[in-house]
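So the chains spell out like this:
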Amino acid sequence: MQPWKDEHFVQLQKQDSERPNRVLIGSEEVGRPKGYLAYSAMGTVQGKAVYGNYGRQQDLDVLQKNNVELKGCVMLLRAGNLSFAQQVFNAARLGASAVLIYPDPQDYPYTDTTELYGHVHLGSGDPYTPGFPSFNHTQFPPTQSSGLPSIPAQTITALTAARLLEKMGGPVADGGFQGNLSSVTYRLGGVASDDNVTVEVHNTLVHTQIHNVFGVIKGFSDPDRYVVLGAQRDAWGPGYAKATMGTAILMELARALHDMVENDGFRPLRSIVFASWSAGEYGSVGATEWLEAYVSSLDRKAFTYISLDGAVAGRGAFTASASPLLNDLLASSMKEVNCPLGAGSLYDSVGGPQWAKKVLRPMQMEDPAYPFLAFSGIPSISFHFVSTNAAEYPFYGTPLDTADHLGYATSQRPGEMAVAAGRLAGVMALQLVHAHMLPLRLQGYASSVFQAVVKVNRHVDQLSRAGALRGVTTQWLSSALGSFRSAARAFNSDVANTDLSNPQACRALNDRIMAVEHHLLSPYVSLTDVPFRHLLLGHGAHTLAAIAELTDGQQLHTQLALATWTLQGCVNAMATHLWDVDNQI
C-alpha cells in the first residue's frame, strides 16, 4: 500500500468565542445557542417573526396566500425535508432578513435543548475559492461562491423555538404546519409587534490547513485508471454514523484488498484509491478541493467514486443514489452480498427485479458523492443501510451521533451492518477493477435522458398552446435525444462484437463509456458561478429539469439551445471516429 496526503488552505467559518451568537425577543435574550450554521452571513438583524414550516416552496406559498409579509421578517423554520442551505436560500429569495432553524419533536427524537450544527453553503468546497483549488502557493483575486447566503442563519433549540412561537401572532397554521411542541399554538406570525426578533450572528472565518489522506493499490495492467473509495473523517459531534463507520469500513477494505494482493495472488487490472477526506461537515470541502485541483484530468482516470459516508445508519431498509451508468453494477453486486436483514441476498430482500423502485433515490447536493458526479463528471454512488421508514438518520449534526444511538438504530448490530456495507462496496470495487470491460451500462442513461426530454417537450408545448411562447421548438433537442439513443445502441453493438479478452480493444471501448458522464457536464456555464454543471443531475438553469419549468421565453430559448448541444456533444464523444458521428442537428 502506498500512502500519501495532500494539503489545502481553506476558509472555515467557526463561532467567535468572544462574541456568541444570540437570539432576542424585544430586549430579552431567549437563546445563546452553542450550535451554528457555517457560512452564514454575519451581522445583526431585526424583524417580525414568521413561521414557515420547513421552508419548502409549497410552505412559502401558504404564507403568501395568507398575506403574511415576508420582506424583512425573521423566518422560523423546522429542520427537515430540505438541506439547511436550501431552506435559507428559499427564505432569502422572498425577502426574509434572517432564518432560525430548530428541530421539532414531531420530526426528531431529541430533548428540547439539543443543539444543531451544519452549513448553509448551497454548494460544496471552500466557498471563497469557487471552481479552483485552495492551495497555499496560488494567488487568486478575492471571490466567493454564488451559493453563499445573503442573510444570517442560525440554529436554535426546540426550547427557544417554543419561546418564539408563544409570542407569535397572526393566523393559526393549518394541519401541515403543526408540530409537537407542547403548550404551543403554531401561528404564521408576521404581525407588527414591540417584541420583534433580533438575530445576532458573529461567526468568523478561520484560515485552516486541512489534509486528505490517500492509499493506493496499483493496477497491474492499467494503473492510470482507478476507482476511488472515500469517507470523511470529521464530524460536528461524536460522529459514529457520520464519520466513524465510514472510516472504519474504508480502513478495513484497504487492509483486506491489500492482503488479497500480497497473500492471495490477486492482480487487479486497474488501481484502487482509498481516500480519507477532511472538512466534510463544512460541505465536502476536502473532497471538492481535491476534485478542483485535478479537474482537467480526473474524468479520464477516475472512472467511479464509491462513497462510504453514512453507509450504516440503521437496520431495516436499504437505499442508494447513483449515476445511471452504475445501476447494473449495483444490482449485480447486491446479488453477491448476503442480506443482513434476513435470508437470501441483499438483492432478493429489496424486491429482486423491482429493486430500483424500492432502493434508488435522486442524489442530493448534500450527498458527499454529489460533487464527484455533478462537478467532475465521475460516475458515483452512495448507499445507506437505514432504519425502516426513516428518511434519514436523525442524529447527524448533533452531539447525539453516538455509539449508543447507532447501536439502537441497528438493533445492536452495527458490526454486522458494517460488514454488509463493506462487502457491497468491495464487490463493486472488484468488479470495476477486475474485468477488461468496465461494468458501466448506458441503458440507464438512455431512459433518464428520454424522461427528462419528454418533460421539456411537454412544458414547451403547454406554453406554446397557451400563447405564452412563440418561435421556440424542441425539435433539435428531440433530434439530439434520437442521436443519443442511436449512439447507445451502436456502442452496445460494438461491445457485443468485440473480443472482450483483448485488453486493447476493451480499453478503447472503456475510453468511450468513460466519456459519457463527463460530456454531460455543460461546457456553457462558468465553474465559479455554476459548479454543478451536469445536464441531468446538476443544479442551475442549464439543467433539463430547470428548463422544464422556465417561463421566460428568451431564457428558455437560450437554455434549450445550449442543452441540445451539450447532449449532442455527449453523443459525439461516444463515437469511435469523427466520421461515425450521427449529427442530425
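The structure this text deals with has already been given above.
Residue numbering note: each chain is counted from 1, following its sequence as written. Totals for whole chains, interfaces and linings use every residue, but because this is a predicted model, local features are given only for residues with pLDDT of at least 70 and side-chain atom pairs only at 80 or more, for both listing and counting. Here the side-chain values reflect all heavy atoms present in the structure, with hydrogen atoms and water set aside.

Observations regarding the overall build of the chain
For the chain, the helix and strand inventory stands at 16 helices and 17 strands. Relative to a compact globule of 585 residues, whose C-alpha radius of gyration would be 25 Å, the chain shows 25 Å and is just as compact. Projected onto its principal axes, the C-alpha positions of the chain cover 80 × 65 × 55 Å. The classification of residues rests on relative accessible area computed with a 1.4 Å probe and restricted to protein chains. Under 20% of the type maximum is buried, over 50% is exposed, and intermediate values are partly exposed. The 585 residues of the chain split such that 55% are buried. We call two residues in contact whenever any of their non-hydrogen atoms come within 4.5 Å of each other. Counting contacts in the chain only where the partners sit at least 6 residues apart, residues at least 24 apart contribute 78% of the total. With residues, only the protein chains shown are counted as cover, and all accessible areas are computed by Shrake-Rupley using a 1.4 Å probe. In the form shown here, the chain has an accessible surface area of approximately 24,300 Å², with 50% of it arising from carbon and sulfur atoms. When charges are counted, neither His nor the chain ends are considered; positive counts come from Lys and Arg and negative counts from Asp and Glu. Every charge is mapped onto a representative atom, which is NZ of Lys, CZ of Arg, CG of Asp or CD of Glu. One finds the centroid of the 41 positive side-chain charges in the chain at a distance of 4 Å from the centroid of its 50 negative side-chain charges. The numbering of helices and of strands both runs from the N terminus, where a helix is a DSSP run of H or I of at least 4 residues and a strand a run of E of at least 2. A radius of gyration in this sense is built from C-alpha atoms; the matching globule rule multiplies 2.2 Å by the number of residues raised to 0.38.

Some details on the sheet that holds strand β8 (residues 98-102)
When DSSP finds two or more bridges between a pair of strands, those strands are recorded as paired. Read across the sheet, four strands follow the order β6-β7-β8-β10 without closing on themselves; strand pairing throughout is parallel. Two strands lie at the open edges of the sheet, namely β6 (49-51) and β10 (153-155), each paired on one side alone. Averaged over all pairs of adjacent strands, the angle between strand axes in this sheet comes to 25 degrees, irrespective of strand direction. Pairing geometry for β8 and β10, over three bridges, is parallel. Counted as the bridge partner of Val99 is Ala153 from β10. Contacts between helix α3 (residues 158-167) and the sheet are confined to β6, β7 (74-78) and β8, with β8 contributing the most and set at about 125 degrees to the helix. Note on geometry: axes are C-alpha line fits, over the in-contact stretch for helices, and angles between N-to-C directions span 0 to 180 degrees.

Points about the environment of Pro268
Along the chain, Pro268 falls in the loop between α4 (240-263) and β14 (270-277). Residues Pro268 and Gln58, 210 residues apart in the sequence, show an inter-C-alpha distance of 51 Å. Not counting residues within four places of it along the chain, the set of residues in contact with Pro268 comprises Ile217, Lys218, Gly219, Phe220, Ser221, Val261 and Val433.

A word on the side chain of Glu115
Positionally, Glu115 belongs in the loop between β8 and β9 (118-119). Residues adjacent in sequence count toward polar contacts only when both atoms are side-chain atoms; beyond that, a polar contact is any pair of N or O atoms within 3.5 Å, and within protein one must be able to donate a hydrogen and the other to accept it. A distance of 3.1 Å separates a polar side-chain atom of Glu115 from the backbone nitrogen of Gly35. Among residues more than four places away in sequence, those in contact with Glu115 are Pro33, Lys34, Gly35, Thr157, Gly397, Thr398 and Pro399.

Comments concerning the nonpolar core
In this description, a nonpolar core means a group of buried Ala, Val, Leu, Ile, Met, Phe, Trp, Tyr and Cys residues linked to one another through side-chain atoms lying within 4.5 Å. Core analysis: the largest hydrophobic core is formed by 145 residues, its most contacted members being Leu76, Tyr102, Ile306, Phe318, Phe383 and Leu544. Ignoring sequence-local partners within four residues, the contact set of Leu544 consists of Ala452, Val453, Val456, Leu477, Leu535, Leu536 and Ala563. Within the second largest apolar cluster, 25 residues are counted, among which are Ala302, Tyr305, Ala369 and Leu373.

Remarks on the packing of α4 against helix α11 (residues 414-434)
Axis separation between α4 and α11 bottoms out at 10 Å; the angle between their running directions is 50 degrees. By the angle class used here, α4 and α11 are oblique. For α4 against α11, the interelement crossing comes out right-handed. Every residue of α11 that contacts α4 at Met245, Ile249, Leu253, Leu257 and Met260 is listed here: Pro414, Ala418, Ala421, Gly422, Ala425, Gly426 and Leu430. Under the scheme applied, nonpolar residues are Ala, Val, Leu, Ile, Met, Phe, Trp, Tyr, Cys and Pro; charged residues are Asp, Glu, Lys and Arg; polar residues are all the others, including Gly. A per-class count over the contact of α4 with α11 returns 10 nonpolar, two polar and no charged. Oblique is the label for every angle not falling under 35 degrees (roughly parallel), over 145 degrees (roughly antiparallel), or within 65 to 115 degrees (roughly perpendicular). Crossings are classed by handedness, with left-handed meaning an anticlockwise turn of the near helix from the far one by less than a right angle and right-handed meaning a clockwise turn.

Some remarks on the environment of Ile547
As for its position among the elements, Ile547 is in helix α15 (residues 544-547). Residues Ile547 and Thr528 lie 19 residues apart in sequence; the distance between their C-alpha atoms is 21 Å. Look past the residues within four positions of Ile547 in its chain and what remains in contact with it is Val456, His459, Ala541, His542, Leu556, Gln559, Leu560 and Ala563.

Things to note about the packing of helix α13 (residues 475-496) against helix α14 (residues 503-518)
The packing of two helices is summarised by the inter-axis angle and the distance between the axes. Between α13 and α14, the shortest axis-to-axis distance is 11 Å and the interhelical angle comes to 160 degrees. Relative to α14, α13 is oriented roughly antiparallel. Handedness of the α13/α14 crossing: left-handed. Facing α13, whose interface residues are Phe491, Asp494 and Val495, α14 presents Leu509, Arg512 and Ile513.

Concerning unusual backbone geometry
Despite not being glycine, Tyr39 has its phi angle at roughly 70 degrees, a positive value. Structurally, Tyr39 is set in the loop between β4 (37-38) and β5 (43-47). Not every positive phi belongs to a glycine, and Asn67 is a case in point at roughly 60 degrees. Residue placement: Asn67 occurs in the loop between α1 (57-65) and β7.

Looking at the packing of aromatic side chains
Between two aromatic rings, the relevant description is the distance of the centres plus the angle of the planes. Note on ring pairs: Phe, Tyr and Trp rings are taken, using the six-membered ring of Trp, and paired if centres are within 6.5 Å. Classes follow the plane angle, with under 30 degrees stacked, over 60 edge-to-face and the rest tilted. Overall, the coordinates contain 23 aromatic pairs when judged by the stated rule. Between Phe214 and Trp290 the ring centres are 5.4 Å apart and the planes differ by 35 degrees, which places this aromatic pair in the tilted class. Taken together, the residues Phe214 in strand β12 (residues 204-217) and Trp290 in helix α5 (residues 285-293) connect sequence positions 76 residues apart. The interplanar angle of 75 degrees and the centroid separation of 5.4 Å between the aromatic rings of Tyr393 and Phe395 together place this pair among those described as edge-to-face. The exposure class assigned to Tyr393 is buried, which follows from its relative accessible area of 4%. An aromatic cluster of at least three residues, connected via ring pairs, comprises Trp4, Phe214, Trp277, Trp290, Tyr294, Tyr305 and Phe372. Lysine and arginine charges are scored as sitting over a ring when NZ or CZ, respectively, is within 6 Å of the ring centre and within 35 degrees of the ring normal. A cation sits over an aromatic face here: Lys242 above Tyr396, 4.8 Å from the ring centre. In this structure, Lys335 is placed above the aromatic ring of Tyr347, and the distance from its NZ or CZ to the ring centre is 4.7 Å.

Some points on the pairing of strand β3 (residues 28-31)
Remark: a regular strand shows side chains that alternate across the two faces of the sheet. Pairing of strand β2 (residues 22-25) with β3, which is carried by three bridges, proceeds in the antiparallel orientation. Looking across to β3, one finds that Leu24 is bridged to Glu29. Between β2 and β3, which follow one another and run antiparallel, lie two residues, and Gly26 among them has a positive phi close to 65 degrees.

Some words on empty space enclosed by the protein
Cavity means a closed set of points on a 1 Å grid over the protein atoms alone, one where a 1.4 Å probe fits but cannot get out, pocket means an open set with protein on both sides within 12 Å along at least 5 of 7 lines, and lining means a residue has an atom within 4 Å of a point. Grid points are joined across faces, edges and corners, and a volume is the space filled by probe spheres set on the points. For the coordinates displayed, the defined rule picks out two cavities of 30 Å³ or more. The computed volume of the largest cavity comes to approximately 100 Å³. Lining the largest cavity are 15 residues, and of these Ser124, Pro130, Gly131, Glu292 and Pro531 lie nearest its centre. A breakdown of the residues in the lining of the largest cavity according to their chemical character gives six nonpolar, seven polar and two charged. Lining the second largest cavity, in full, are Gln232, Trp277, Ser278, Gly280, Ser284, Val285, Gly286, Ala287, Tyr305, Asp309 and Pro368. The greatest single-element share of the lining of the second largest cavity, amounting to three residues, is contributed by α5.

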